[in-house]
Amino acid sequence: VKKNKISDESVTISSTTTKFLAMLDTLDKWVDETEPLKTQTRYGNKAYRLWQDKVKKESKTLLTSLLPESWTETQSDPKTETTSETESKQNDTEKASKPSSSDIINGILTELDGYLLGSFGDYTRIDYGTGHELTFICFLLILVELRLFRRSDYKALVLKIFVSYIDLMRKIQTKYALEPAGTKGVWGLDDYQFLPFYFGAAQLIEHET
């Protein structure tokens, strides 16, 4: 993202980036639909938990939407011929020793689920901080390791996806009065986020001002 603007039109938008932005739009829509509850406390509107409950309920569906169709579609075995008893036992043994494609996909979704839910704050404490922000970055990293994002997507990961995530989180922070998690007071650049400063500094490299 060095010397690149958020408004840069040269950023490559892949199909996975489009799917991810659509997922964030869905989460944003659920925030609009979940109004804060009347409360006298300064921090921690409990309506935040209602929003989190919605995310938790639909998380597997949201995550599945990020995967290629070829990963999730059911493939039937075209073979119809009969096999001998020995061959059948051998096939059964091989199947038992190897995880099925559905098992692998379920494992991927289970792993991603924890990172997705942990990216938007703590359900119990109703707070948010740089640890949750880092969890979101780890979530993106897993998608990179799965080859769903490629090197050509790196600019979009920051200038499109991360920017949209920060916009969403600031909306959640304001609407549900999330308490800063692990605040550093005057020693921290911000009580909630750190990476906007890091990426922003990279964008301003060799800036004329």
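Procedures and definitions
Along each chain, numbering runs from 1 in the same order as the chain's sequence is written. Totals for whole chains, interfaces and linings use all residues, but because this is a predicted model, local features are given only for residues with pLDDT of at least 70 and pairs of side-chain atoms are given and counted only at 80 or more. Side-chain measures here rest on the full set of heavy atoms in the structure, leaving out hydrogens and waters. Where helices and strands are cited, they refer to DSSP runs of H or I of at least four residues and of E of at least two residues respectively, numbered from the N terminus. Each residue is assigned to one of three classes by its accessible area relative to the maximum for its type, calculated with a 1.4 Å probe on protein chains only: buried under 20%, partly exposed between the two thresholds, exposed over 50%. In summary, the charge assignment counts Lys and Arg as positive and Asp and Glu as negative, without counting His or the chain termini. Each reported salt bridge corresponds to a side-chain nitrogen of Lys or Arg within 4 Å of a carboxyl oxygen of Asp or Glu. Residues adjacent in sequence count toward polar contacts only when both atoms are side-chain atoms; beyond that, a polar contact is any pair of N or O atoms within 3.5 Å, and within protein one must be able to donate a hydrogen and the other to accept it. Note on contacts: a residue pair is in contact if any heavy atoms of the two residues lie within 4.5 Å. Expected helix span is computed as 1.5 Å times (number of residues minus one). Note that bend, as reported per residue, equals the angle between axes fitted to the 7 residues terminating at that residue and the 7 residues originating from it. Every axis corresponds to a line fitted to the C-alpha atoms, with the helix fit spanning only the stretch in contact, and the corresponding angles, defined between N-to-C directions, vary from 0 to 180 degrees. By the definition used in this description, the sense in which the near helix is turned from the far one sets the handedness, with an anticlockwise turn below a right angle giving left-handed and a clockwise turn giving right-handed. The classification used treats Ala, Val, Leu, Ile, Met, Phe, Trp, Tyr, Cys and Pro as nonpolar, Asp, Glu, Lys and Arg as charged, and all other residues, Gly among them, as polar.

1. Observations concerning the side chain of Asp-153
Secondary-structure assignment places Asp-153 in the loop between helix 6 (130-145) and helix 7 (154-176). No salt bridge is formed by the buried Asp-153; its nearest oppositely charged neighbour, Arg-150, is found at 6.4 Å. At 2.8 Å, the side chain of Asp-153 forms a polar contact with the backbone nitrogen of Arg-150. In this structure Asp-153 touches Ser-14, Thr-17 and Leu-148, once residues within four positions along its chain are discounted.

2. Here we look at helix 2 (residues 47-64)
Between its first and last C-alpha atoms helix 2 spans 26 Å; for 18 residues at 1.5 Å apiece the expected length is 26 Å, and the two agree. If you look at helix 2, its biggest bend is around 60°, right at Glu-58. Taken residue by residue, helix 2 has Ala-47, Tyr-48, Trp-51, Gln-52, Val-55, Ser-59, Leu-62 and Leu-63 as its buried positions. Where helix 2 is buried, its residues touch helix 1 (15-33), helix 5 (101-117), helix 6 and helix 7.

3. Regarding helix 7
Quick reminder: α-helices carry 3.6 residues per turn. Residues three or four places apart thus point the same way. The end-to-end C-alpha distance of helix 7, which contains 23 residues, comes to 31 Å, matching closely the 33 Å that a straight helix rising 1.5 Å per residue would cover. Of all the bends in helix 7, the largest measures some 30° and sits at Phe-162.

4. Concerning the pattern of salt bridges
Counting across every chain of the model gives five salt bridges. Among the ionic pairs, Lys-175 bridges to Glu-35, the shortest N-O distance being 3.7 Å. Linking Lys-175 in helix 7 with Glu-35 in the loop between helix 1 and helix 2, this pair joins segments that are 140 residues apart in sequence. Asp-122 is the salt-bridge partner of Arg-125, the closest N and O atoms lying 3.5 Å from each other.

5. Considering the packing of helix 6 against helix 7
Any two packed helices are characterised by how steeply their axes cross, that is the angle between the axes, and by the distance between the axes. Here helix 6 crosses helix 7 at 145°, and the two axes come no closer than 12 Å. In this structure, helix 6 crosses over helix 7, and the sense of that crossing is right-handed. Residues His-132, Glu-133, Phe-136, Ile-137, Leu-140 and Val-144 of helix 6 touch helix 7, and the partners they reach there are Tyr-154, Leu-157, Ile-161, Phe-162, Tyr-165 and Ile-166. Split into classes, the residues belonging to the contact of helix 6 with helix 7 amount to 10 nonpolar, one polar and one charged.

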